[in-house]
Amino acid sequence: MESIYGEYKDYLPLIMENICKIFREFNDRRYKETGCKAYEHLSCRIKAEESMREKCRRKGLEESPYSALHELKDAIGIRAVCGFVDDIYALVDFIKYSDKCEVVKEKDYIKHAKSNGYRSYHMIINFKTKFPDVDGNENGNYFAEIQLRTIAMDSWASLEHQMKYKKNISNQELIESELKRCADELAACDISMQTIRSLIRNGD
(Lines give C-alpha, C1' and ligand atoms only; values in the text may rest on other atoms or scores of the structure.)
Protein backbone atom coordinates (compact mmCIF):
# COMPACT_ATOMS: atom_id res chain seq x y z
CA MET A 1 0.00 0.00 0.00
CA GLU A 2 1.31 3.42 -0.95
CA SER A 3 2.16 5.74 1.94
CA ILE A 4 -0.63 8.08 2.94
CA TYR A 5 2.03 10.79 2.88
CA GLY A 6 2.83 9.99 -0.75
CA GLU A 7 5.93 11.52 -2.29
CA TYR A 8 6.24 13.88 0.70
CA LYS A 9 6.95 11.11 3.22
CA ASP A 10 10.74 11.48 3.15
CA TYR A 11 10.53 15.24 3.79
CA LEU A 12 8.69 14.88 7.10
CA PRO A 13 11.61 13.68 9.30
CA LEU A 14 13.82 16.45 7.86
CA ILE A 15 11.19 19.11 8.56
CA MET A 16 10.57 17.72 12.05
CA GLU A 17 14.29 17.88 12.81
CA ASN A 18 14.46 21.49 11.57
CA ILE A 19 11.64 22.47 13.92
CA CYS A 20 13.30 20.66 16.84
CA LYS A 21 16.56 22.42 16.04
CA ILE A 22 14.86 25.81 16.48
CA PHE A 23 13.54 24.69 19.88
CA ARG A 24 16.97 23.43 20.96
CA GLU A 25 18.69 26.63 19.88
CA PHE A 26 16.18 28.69 21.87
CA ASN A 27 16.69 26.42 24.89
CA ASP A 28 20.48 26.80 24.71
CA ARG A 29 20.24 30.57 24.30
CA ARG A 30 17.85 30.97 27.20
CA TYR A 31 20.03 28.83 29.46
CA LYS A 32 23.10 30.93 28.65
CA GLU A 33 21.19 34.16 29.28
CA THR A 34 19.27 33.20 32.43
CA GLY A 35 20.75 29.99 33.80
CA CYS A 36 17.33 28.34 33.36
CA LYS A 37 16.17 26.02 30.59
CA ALA A 38 13.16 26.86 28.45
CA TYR A 39 12.11 23.21 28.72
CA GLU A 40 13.33 20.00 30.37
CA HIS A 41 12.45 17.46 27.68
CA LEU A 42 11.68 17.65 23.96
CA SER A 43 10.08 14.81 22.01
CA CYS A 44 8.86 14.56 18.44
CA ARG A 45 7.14 12.08 16.16
CA ILE A 46 5.72 11.54 12.70
CA LYS A 47 2.16 10.26 13.01
CA ALA A 48 2.06 6.55 12.21
CA GLU A 49 0.56 5.65 8.83
CA GLU A 50 -2.34 3.61 10.24
CA SER A 51 -3.12 6.26 12.87
CA MET A 52 -3.32 8.89 10.14
CA ARG A 53 -5.51 6.65 7.97
CA GLU A 54 -7.82 5.95 10.91
CA LYS A 55 -8.12 9.66 11.64
CA CYS A 56 -8.97 10.37 7.99
CA ARG A 57 -11.72 7.75 8.14
CA ARG A 58 -13.03 9.12 11.42
CA LYS A 59 -13.14 12.65 9.98
CA GLY A 60 -14.76 11.48 6.72
CA LEU A 61 -11.73 12.49 4.66
CA GLU A 62 -10.12 10.76 1.70
CA GLU A 63 -7.03 8.76 2.66
CA SER A 64 -4.64 10.93 0.67
CA PRO A 65 -1.50 13.06 1.10
CA TYR A 66 -3.64 16.21 0.87
CA SER A 67 -5.85 15.09 3.74
CA ALA A 68 -2.88 13.95 5.84
CA LEU A 69 -0.69 17.00 5.28
CA HIS A 70 -3.15 19.84 4.72
CA GLU A 71 -6.53 19.03 6.23
CA LEU A 72 -5.45 17.38 9.51
CA LYS A 73 -2.28 19.36 10.31
CA ASP A 74 -0.75 16.96 12.88
CA ALA A 75 1.45 14.64 10.80
CA ILE A 76 4.37 16.20 12.67
CA GLY A 77 4.07 16.41 16.45
CA ILE A 78 6.39 18.21 18.87
CA ARG A 79 6.07 18.12 22.67
CA ALA A 80 8.09 20.25 25.07
CA VAL A 81 7.88 19.45 28.78
CA CYS A 82 8.77 22.48 30.90
CA GLY A 83 9.75 22.91 34.51
CA PHE A 84 7.40 25.82 35.21
CA VAL A 85 4.21 27.33 33.82
CA ASP A 86 5.97 30.60 32.95
CA ASP A 87 8.39 28.64 30.77
CA ILE A 88 5.45 27.44 28.70
CA TYR A 89 4.32 31.00 27.99
CA ALA A 90 7.90 32.04 27.19
CA LEU A 91 7.93 29.29 24.56
CA VAL A 92 4.54 30.42 23.27
CA ASP A 93 5.87 33.95 22.78
CA PHE A 94 9.01 32.63 21.10
CA ILE A 95 6.97 30.58 18.63
CA LYS A 96 4.55 33.41 17.91
CA TYR A 97 7.32 35.88 17.08
CA SER A 98 9.51 33.46 15.14
CA ASP A 99 10.06 34.31 11.48
CA LYS A 100 10.31 30.58 10.70
CA CYS A 101 6.66 29.78 11.20
CA GLU A 102 3.13 31.11 11.58
CA VAL A 103 0.71 30.11 14.33
CA VAL A 104 -2.58 29.14 12.69
CA LYS A 105 -4.40 27.80 15.75
CA GLU A 106 -3.87 27.69 19.51
CA LYS A 107 -5.75 26.43 22.56
CA ASP A 108 -4.78 27.27 26.11
CA TYR A 109 -5.89 24.31 28.21
CA ILE A 110 -3.84 25.64 31.13
CA LYS A 111 -5.95 28.70 31.81
CA HIS A 112 -9.02 26.88 30.51
CA ALA A 113 -8.62 23.25 31.54
CA LYS A 114 -10.79 20.52 30.03
CA SER A 115 -13.59 19.18 32.18
CA ASN A 116 -11.59 16.03 33.02
CA GLY A 117 -8.69 18.11 34.34
CA TYR A 118 -6.44 17.97 31.26
CA ARG A 119 -4.03 20.91 31.04
CA SER A 120 -1.63 21.76 28.23
CA TYR A 121 -0.97 24.47 25.63
CA HIS A 122 -1.66 23.38 22.05
CA MET A 123 -0.55 25.15 18.89
CA ILE A 124 -0.72 24.39 15.19
CA ILE A 125 2.08 26.06 13.25
CA ASN A 126 2.66 26.49 9.55
CA PHE A 127 6.38 25.96 8.96
CA LYS A 128 8.27 27.38 5.97
CA THR A 129 10.48 24.84 4.19
CA LYS A 130 12.63 24.32 1.12
CA PHE A 131 10.59 21.25 0.14
CA PRO A 132 7.61 21.00 -2.25
CA ASP A 133 4.20 20.60 -0.63
CA VAL A 134 0.74 19.19 -1.45
CA ASP A 135 -0.46 22.62 -2.61
CA GLY A 136 2.11 22.61 -5.42
CA ASN A 137 4.49 25.14 -3.87
CA GLU A 138 8.18 24.55 -4.59
CA ASN A 139 9.22 26.01 -1.24
CA GLY A 140 6.26 24.67 0.64
CA ASN A 141 4.63 25.04 4.03
CA TYR A 142 4.07 22.11 6.38
CA PHE A 143 1.90 21.99 9.48
CA ALA A 144 3.00 20.73 12.89
CA GLU A 145 1.18 20.28 16.19
CA ILE A 146 2.97 21.67 19.25
CA GLN A 147 2.11 20.62 22.82
CA LEU A 148 3.62 22.45 25.78
CA ARG A 149 3.25 21.07 29.32
CA THR A 150 4.85 21.15 32.74
CA ILE A 151 6.31 17.94 34.16
CA ALA A 152 3.25 17.55 36.39
CA MET A 153 0.85 18.02 33.47
CA ASP A 154 2.77 15.49 31.40
CA SER A 155 2.73 12.86 34.15
CA TRP A 156 -1.02 13.30 34.57
CA ALA A 157 -1.67 13.13 30.81
CA SER A 158 0.35 9.91 30.56
CA LEU A 159 -1.76 8.30 33.29
CA GLU A 160 -5.01 9.53 31.74
CA HIS A 161 -3.89 8.18 28.35
CA GLN A 162 -3.35 4.72 29.88
CA MET A 163 -6.87 4.73 31.26
CA LYS A 164 -8.41 5.92 28.00
CA TYR A 165 -6.99 3.01 26.02
CA LYS A 166 -7.45 0.27 28.61
CA LYS A 167 -10.67 -1.70 28.12
CA ASN A 168 -13.04 -3.03 30.75
CA ILE A 169 -11.82 -0.90 33.65
CA SER A 170 -13.67 -1.50 36.89
CA ASN A 171 -14.55 1.54 39.01
CA GLN A 172 -14.04 3.85 36.03
CA GLU A 173 -16.11 6.67 37.53
CA LEU A 174 -14.05 6.56 40.73
CA ILE A 175 -10.81 6.62 38.74
CA GLU A 176 -12.00 9.56 36.64
CA SER A 177 -12.96 11.44 39.81
CA GLU A 178 -9.56 10.75 41.37
CA LEU A 179 -7.80 11.83 38.18
CA LYS A 180 -9.70 15.10 38.19
CA ARG A 181 -8.78 15.67 41.84
CA CYS A 182 -5.12 14.93 41.11
CA ALA A 183 -5.17 17.29 38.12
CA ASP A 184 -6.41 20.13 40.32
CA GLU A 185 -3.83 19.38 43.01
CA LEU A 186 -1.00 19.24 40.46
CA ALA A 187 -2.16 22.55 38.97
CA ALA A 188 -2.04 24.12 42.43
CA CYS A 189 1.44 22.65 42.92
CA ASP A 190 2.59 24.14 39.59
CA ILE A 191 1.38 27.56 40.76
CA SER A 192 3.16 27.18 44.10
CA MET A 193 6.40 26.12 42.43
CA GLN A 194 6.19 29.09 40.09
CA THR A 195 5.64 31.42 43.06
CA ILE A 196 8.64 29.97 44.90
CA ARG A 197 10.89 30.42 41.87
CA SER A 198 9.72 34.02 41.51
CA LEU A 199 10.49 34.69 45.18
CA ILE A 200 13.96 33.20 44.78
CA ARG A 201 14.66 35.33 41.71
CA ASN A 202 13.35 38.50 43.32
CA GLY A 203 15.58 37.85 46.31
CA ASP A 204 18.76 38.20 44.24
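In case you missed it, the structure is sitting above this.
Here we summarise the structure given alongside this text.

What counts and what doesn't
Residues numbered from 1 in each chain as written. Predicted model: local features only at pLDDT ≥ 70, side-chain atom pairs only at ≥ 80, totals over all residues. Heavy atoms only, no water. Helix = DSSP H or I, 4+ residues; strand = E, 2+ residues; numbered from the N terminus. Areas by Shrake-Rupley, 256 points an atom, 1.4 Å probe, with all protein chains shown as cover. Lys, Arg positive; Asp, Glu negative; His and termini not counted. Charge placed at Lys NZ, Arg CZ, Asp CG, Glu CD. Buried < 20%, exposed > 50% of the residue type's maximum accessible area, 1.4 Å probe, protein only. Pairing = 2+ DSSP bridges. Salt bridge = Lys/Arg side-chain N within 4 Å of Asp/Glu carboxyl O. Disulfide = S-S within 2.5 Å. Contact = heavy atoms within 4.5 Å. Patch = residues over 30% accessible without salt bridge, like charges linked within 9 Å, V, L, I, M, F, W, Y side chains within 5 Å. 1 Å grid on protein atoms, 1.4 Å probe; cavity = no way out; pocket = protein on both sides within 12 Å on 5 of 7 lines; lining within 4 Å. Points joined across faces, edges and corners; volume = space filled by probe spheres on them. Nonpolar A, V, L, I, M, F, W, Y, C, P; charged D, E, K, R; others polar. Polar contact = N/O pair within 3.5 Å; in protein donor to acceptor, adjacent residues only side chain to side chain.

Let's shift gears to the overall build of the protein. Assigned secondary structure in the protein consists of six helices and five strands. Counting helices and strands in the order they occur from the N terminus, the protein gives α-β-α-α-β-α-β-β-β-α-α. If you line up the protein on its principal axes, its C-alpha atoms span 55 × 50 × 20 Å. With the model as given, the accessible surface of the protein reaches about 12,100 Å², and the carbon-plus-sulfur share is 49%. Side chains of the protein give 33 positive and 35 negative charges; the mean places of these two sets differ by 2 Å.

In terms of burial, strand β5 (residues 141-150) is a largely internal element, nine of the ten residues being buried. Pairing analysis gives seven bridges linking strand β2 (residues 76-82) to β5, with the strands arranged parallel. Bridge pairing in β5 links Arg79 to Gln147. As paired elements, strand β4 (residues 121-128) and β5 share eight bridges and run antiparallel to each other. Bridge pairing in β5 links Ile124 to Glu145.

Here we come to unusual backbone geometry. One non-glycine residue with positive phi stands out, namely Lys73, at about 70°. Within the fold, Lys73 resides in the loop between α3 (65-71) and β2.

Moving on to the pattern of salt bridges. Considering all chains together, one arrives at 17 salt bridges under this definition. With a closest N to O distance of 3.2 Å, Glu106 and Lys96 form a salt bridge. Here Glu106, found in strand β3 (residues 101-108), pairs with Lys96, found in helix α4 (residues 85-96); they are ten residues apart in sequence, far enough to count as distant. Salt bridges sharing common partners tie together Glu50, Arg53, Arg57 and Glu63.

This part is about the state of the cysteines. What is meant by a disulfide is a covalent connection between two cysteines, made through their sulfur atoms. Taken as a whole, this structure holds zero disulfides when the rule is applied. In this structure Cys189 is not part of a disulfide, and its nearest cysteine sulfur, from Cys182, lies 12 Å away. Judged by its relative accessible area of 39%, Cys189 falls in the partly exposed class.

This part is about the side chain of Glu145. Relative to the assigned elements, Glu145 resides in strand β5. Buried within the structure, Glu145 lacks any salt-bridge partner; its nearest side chain of opposite charge belongs to Arg45, at an N-O separation of 4.1 Å. Setting aside chain neighbours within four positions, we find Glu145 in contact with Arg45, Lys73, Asp74, Ile76, Gly77, Ile78, His122, Met123 and Ile124.

Taken together, the side chains of Met193, Ile196 and Ile200 define a hydrophobic patch exposed on the protein surface, amounting to about 290 Å² of accessible area. Residue class for Ile200 comes out exposed when judged on its relative accessible area of 56%.

A word on empty space enclosed by the protein. In total, this model carries four cavities of 30 Å³ or more according to the counting rule given. Around the largest cavity, the lining residues are Ile19, Ile22, Phe23, Phe94, Ile95, Ser98, Lys100, Cys101, Ile125, Phe127 and Ile146. Contributing elements (two or more residues each) for the lining of the largest cavity: α1 (11-34), α4 and β4. Take the lining of the largest cavity: its biggest share by element is three residues, from α1. Its residues assigned to classes, the lining of the largest cavity comprises nine nonpolar, one polar and one charged. There is about 50 Å³ of room inside the second largest cavity. Gly117, Arg119, Ala152, Met153, Trp156, Ala183, Leu186 and Ala187 together form the lining of the second largest cavity.

Next up on the list: the environment of Tyr142. Secondary-structure assignment places Tyr142 in strand β5. Judged by relative accessible area, Tyr142 falls into the buried class, the value being 2%. Along the chain, Tyr142 and Pro132 lie ten residues apart, while their C-alpha atoms are 9.4 Å from each other. Separated by 2.4 Å, the side chain of Tyr142 and the backbone oxygen of Pro132 make a polar contact.

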